[in-house]
Structures are given as C-alpha cells and as structure tokens.
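Here's the letter readout for the chains.
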Amino acid sequence: MTAPRGWTPSASARGAVAVIDLDALRSNVARCRQAAPTSGVMAVVKADAYGHGLVACARAAREAGATWLGVALLEEAIALRDAGDAGPILAWLAVPGAPWAECLAHDIDVSVAELWALAEVCAAASVTGLRARVHLKADTGLSRNGATAAGWPALVASAREAETAGLLEVVGIWSHLAHADAPGHSTITHQIGVFDEAVEVARRAGLTPQVRHLANSAATLTLPNSHYELVRPGIAIYGLSPGPEVGTAADLGLRPVMSLRARLSSVKRVPGGTGVSYGHDHVTASETTLGLIPLGYADGLPRAASNVGPILAAGRTRTVAGRVCMDQVVIDLGDDPASAGDEVVVFGGGGPSADDWARVSGTIGYEIVTRIGPRVPRVFLGVTP
Ligand SMILES: *Cc1c(COP(=O)(O)O)cnc(C)c1O
C-alpha cells in the first residue's frame, strides 16, 4: 500500500494522524487580511494553535503576513520566543505572581486589566530595568477579562503615571465581543460604543495607544467597523467557521487546516443482531462488517458523538456505531470491502468537517480541533525549508 499524503512511519504505526496543511493556514491568513485590508492581523495561536501545533502554525501565520501573534498564557508566549519568533506577541491571561519579569526579558506584550496586574508589571519593570509593553483591556460587555467602566478611569490614570515614570508604555487598548458570531446583534454596536468611549477616556488621561483591537474571527469577516488598527482572528486562521450564523467555512472562503485520519485496526464480519461497543447502544441490523478505529475520547473525539459521529471509510460516510470509547470507535461498513490498515478520514480533507462533528456532538468546531490530544501526532504539509 502506498502511504497516503501526510502519513509518516510513526504516524502509520500509531494508526492515527492529524495532518496540518500550512498552505491552507496561509491562505486563511490572507483571507483575513483581505477582509480587514487597512488593519494588521494578530493571529491567535493560543492552546497549541487550537490544537494544530503552536510553533509551525505561528511561523506559517507570520509568513502569510500576520504582523502579531496572540496567546492566552504568558508561558505560551515564552514558548514562541524560545522557538525563535521575534515579532510582536501579546499574552493576555495571568494570575497574581505570573512570570512578568520573564515576559519583559522576552519582549512580550502583556495585557493589564486590573490594578494588581499593573502593580506587578511595574514591579517587574523596576527589578529588570526593562520598560513593559502593555495593552489595557476594557470590559465592554463580555464580563470576562477587562476593567469595567467604573474601574477604567483609575486604571488608565495609574497606567499613565507608570508610563511617565518610564516603567511601561501603553501600546494598545483592547476588548472582546460577546456576540460577534451573531451578526447584527444589538450588543455589538453597544460594545463598540463603550470601547470608543474607553479609548477617549484613556486619551484624555494622556495615553497614546498605537493599536486598538476588538475583532475576533467573526468580526474580522463580517464587521468592518470593529477592525481598528488590528484584528485578532483565531478560528478563521484554522479554516473553521466561527458559527453557523456567520456562514460555513466554504461560504467564508476558509480552508480547513486540520485533517484527522486513522487506519483501521480490525475488520470483521458479524451476524445481524450483534451488539456493538459498551452498553450495546448499536445493534447490527443484519450480517455486516465492523471496522475498528484506534481513536477515542482520550484523543479528543467527543463521547457525545456516540452513534452520530461521521467518518469517511471505504468511499462512503459512515456513522460511529455505538459508544465512543477511550481509545477506540467502531464503524459499520455494511458489505463494502475493507481491510485492516485501510485509511479512514474522521474529519477534514475530503471527509466530514470538524464543524459537522461539532453539530452532531452539540459543541463548536473550536472544541473539536482544540481537544485532539497529544497521542495523535501532528504532521505538517507545506513547511517552508
Ligand atoms: C480566542 C480569542 C480570540 C480569537 O477568537 P476566534 O473566535 O477564534 O477568532 C480573540 N481574542 C481573544 C481575547 C480570545 O480569547
């Protein structure tokens, strides 16, 4: 058998691989740049680039013109620096005692939304003698991270004081939308108004941010008045739709980056009336062929996809037969010819999509790709030498 595209000896022996098409990722970055032609693109590569592989995806995103990278954890930003990335990186999620000094030493921009964080960043700047690069985050209505309108004036005043003292530079002001995946939702205009007001308050306090940023993927693709100097697409970079109301990936001109492939571990004939997998939630209707796939919920296949997850095998889309187990799922191949070792496509690359898996499992494509676990090797296509 000739090895299918993306299989390596180790992936072949494991029997499962996530093929990551970096050319598709570059094309998606280009699509975001086209949607926001006068803004810079911050490619969001948190959570191991949504499960796609942090370093390779970050590099491909830079090659395609992403001028910034965005991550949640400070540790993720440090990992990018350790891998040699030299461009602007913003990290936005920290708890008291976070490694601020290490971030400053690695020239990582940090988000500050509360006075404790400002104090810790200033302390790190004093200790290291380095000037921190800070993005102040306003809570404009998501009620997640960010200073509320009540806390904002004190935050910007303290930040301005620290800036004057030479401890930091306020590089950006930013916020995040609650309903960007519901184009036209009334909260969007409201949040933009609150954001503009927060920027005004900061300017009146003497701050001169170079970049304002608010737009995630959905807003990048559908909401030009949210673009400002920088947009922060994540899911679109990986070629998945931000949500059904925004459109399908194809409607949006996006190319799915991850394709999850596996090889059948067992193929066998069983009689009608055979119960399949734990609890026998599937029972064969007649004599049939069962195929066993070496992927389960430990690898990130949702258990909620029991009896509903779609898998392309032997030329047709099948449905997971019975419960998704920790390491394995079974499919019913009917009377179609198949052998152990044959390749099946769980999602991506000509098979069902991660968004299809999300729909049948009651979740979002984000969760499907992000949870594909470390037991599944990532194999990269389109790597530049
Ligand atoms: C994850 C995240 C993004 C990217 O969101 P997508 O919907 O994947 O485009 C942008 N900004 C913040 C603050 C995030 O946490």
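Residues numbered from 1 in each chain as written. Predicted model: local features only at pLDDT ≥ 70, side-chain atom pairs only at ≥ 80, totals over all residues. Heavy atoms only, no water.

Colleague: How do you make sense of the overall build of the protein when you look at a structure like this?
Modeller: Assigned secondary structure in the protein consists of 12 helices and 19 strands. Computed over its C-alpha atoms, the radius of gyration of the protein comes to 24 Å, within 12% of the 21 Å expected for a compact globule of 385 residues. Counting only C-alpha atoms, the protein reaches 80 × 45 × 35 Å along its principal axes. Surface exposure of the protein reaches about 15,600 Å², of which carbon and sulfur atoms provide 54%. In the protein, which carries 31 positive and 36 negative side-chain charges, the distance between the mean positions of the two groups comes to 4 Å. (Helix = DSSP H or I, 4+ residues; strand = E, 2+ residues; numbered from the N terminus. Rg over C-alpha atoms; globule rule 2.2 N^0.38 Å. Areas by Shrake-Rupley, 256 points an atom, 1.4 Å probe, with all protein chains shown as cover. Lys, Arg positive; Asp, Glu negative; His and termini not counted. Charge placed at Lys NZ, Arg CZ, Asp CG, Glu CD.)

Colleague: Would you explain the nonpolar core in this entry?
Modeller: Nonpolar side chains tend toward joint burial in soluble globular proteins. Ranked by size, the top nonpolar core spans 119 residues in total, and within it L136, W152 and F347 carry the most contacts. Among the elements that take part in this core, helix α9 (residues 186–204) stands out by supplying 7 residues, more than any other. Beyond its immediate stretch of four places on either side in the chain, F347 contacts M258, S259, L260, P352, S353, A354, W357, I368, V369 and I372. Judged by nonpolar contacts, the second largest core, of 6 residues, contains W7, A11, V17 and V19. (Core = buried A, V, L, I, M, F, W, Y, C linked by side-chain atoms within 4.5 Å. Buried < 20%, exposed > 50% of the residue type's maximum accessible area, 1.4 Å probe, protein only. Contact = heavy atoms within 4.5 Å.)

Colleague: So what exactly am I meant to see when it comes to the pattern of salt bridges here?
Modeller: Note that side chains of opposite charge can pair when their charged atoms are close. Inspection of every chain in the model, using the stated rule, returns 23 salt bridges. For the salt bridge of E343 with R261, the shortest nitrogen-to-oxygen distance reads 2.7 Å. Note that E343 is positioned in strand β18 (residues 343–347) and R261 in strand β10 (residues 258–263), a separation of 82 residues in sequence. For D335, the salt bridge goes to R269, with nearest N and O atoms at 3.0 Å. Taken as a pair, D335 in the loop between β17 (329–334) and β18 and R269 in strand β11 (residues 266–270) lie far apart in primary sequence, 66 residues in all. Using a relative accessible area of 61% as the deciding quantity, one classes D335 as exposed. Overlapping salt bridges bring together R14, D299, D327 and R375 as one network. (Salt bridge = Lys/Arg side-chain N within 4 Å of Asp/Glu carboxyl O.)

Colleague: Any chance you could explain the sheet that holds β11 here in plain terms?
Modeller: Pairing between the strands of a sheet is mediated by backbone hydrogen bonds and can be parallel or antiparallel. In spatial order, the strands read β11-β14-β17; together these 3 strands make up an open sheet with antiparallel pairing. Only two strands of the sheet have a single neighbouring strand rather than two, namely β11 and β17. Strand-to-strand, the axes of this sheet are offset by a mean angle of 30°, without reference to chain direction. Where strand β14 (residues 288–293) lies against β17, 5 bridges are found, and the strand directions are antiparallel. Note on β17: the bridge partner recorded for G291 is I331. (Pairing = 2+ DSSP bridges. Axes fitted to C-alpha atoms, helices over the stretch in contact; angles between N-to-C directions.)

Colleague: In this structure, what is going on with the site of the ligand? I would like to understand it.
Modeller: For the ligand, the set of nearby residues contains 15 residues, the closest of which are K46, Y50, S217, I235 and Y366. Contact distances for the ligand include 2.8 Å between an oxygen atom and a backbone N or O atom of I235. Coverage of the ligand by the protein chains reaches 94% of its 390 Å² of free accessible surface. Looking at the shell around the ligand, its residues break down into 7 nonpolar, 4 polar and 4 charged. (Near = heavy atom within 4 Å. Polar contact = N/O pair within 3.5 Å; in protein donor to acceptor, adjacent residues only side chain to side chain. Nonpolar A, V, L, I, M, F, W, Y, C, P; charged D, E, K, R; others polar.)

Colleague: Explain the packing of aromatic side chains here, please?
Modeller: Here a ring pair, both rings aromatic, is described through the centre-centre distance and the interplanar angle of the planes. Using the criterion set out here, one finds 4 aromatic pairs in the structure. Consider the rings of F195 and Y228, whose centres lie 5.1 Å apart with planes at 70°: the pair is edge-to-face. Of this pair, F195 sits in helix α9 while Y228 sits in the loop between α10 (217–222) and β9 (230–231); the two residues are 33 residues apart in sequence, bridging distant segments of the chain. Within the aromatic cluster, the residues linked to one another by ring pairs are Y50, Y238 and Y366. A cation sits over an aromatic face here: K137 above W174, 4.0 Å from the ring centre. (Phe/Tyr/Trp six-rings, centres within 6.5 Å; stacked < 30°, edge-to-face > 60°. Lys NZ or Arg CZ within 6 Å of the ring centre and 35° of its normal.)

Colleague: Explain the domain arrangement of the protein to me, please; I cannot follow it from the model alone.
Modeller: In many reports, interface size means the accessible area that the parts give up when they come together. Examined at the domain level, the protein breaks down into domain 1 (22–238) and domain 2 (258–381). A separation of 38 Å is found between the C-alpha centroids of domain 1 and domain 2. Taken residue by residue, the interface counts 9 residues in domain 1 and 7 residues in domain 2. Between domain 1 and domain 2, a total of about 790 Å² is buried, with carbon and sulfur atoms accounting for 65% of that surface. Between domain 1 and domain 2 we count 0 salt bridges in total. For the interface between domain 1 and domain 2, the tally reads 3 residue pairs in polar contact (both at pLDDT 80 or more). Listed by contribution, the elements that provide at least two residues to the side of domain 1 that touches domain 2 are α2 (22–35) and α3 (46–50). When grouped by side-chain class, the residues that make up the side of domain 1 that touches domain 2 number 5 nonpolar, 3 polar and 1 charged. (Domains from an automatic or database assignment. Buried area = accessible area lost by both parts, 1.4 Å probe.)

Colleague: What should I look at first to understand unusual backbone geometry in this one?
Modeller: Residues other than glycine predominantly adopt negative phi, and peptide bonds predominantly adopt the trans conformation. Notably, Y50 is not glycine yet its phi reads approximately 50°, a positive angle. Looking at the secondary structure, you find Y50 in helix α3. On the basis of relative accessibility, which here comes to 7%, the residue Y50 falls in the buried class. Although it is not a glycine, S277 adopts a positive phi angle of roughly 65°. The topology assignment puts S277 in the loop between β12 (275–276) and β13 (282–283).

Colleague: Would you mind showing me how to read the side chain of S226 here?
Modeller: Turning to its location among the elements, S226 is positioned in the loop between α10 and β9. For S226, a relative accessible area of 0% puts it in the buried group. A polar atom in the side chain of S226 sits 2.7 Å from the backbone oxygen of L223. Look past the residues within four positions of S226 in its chain and what remains in contact with it is I192, L214, A215 and A219.

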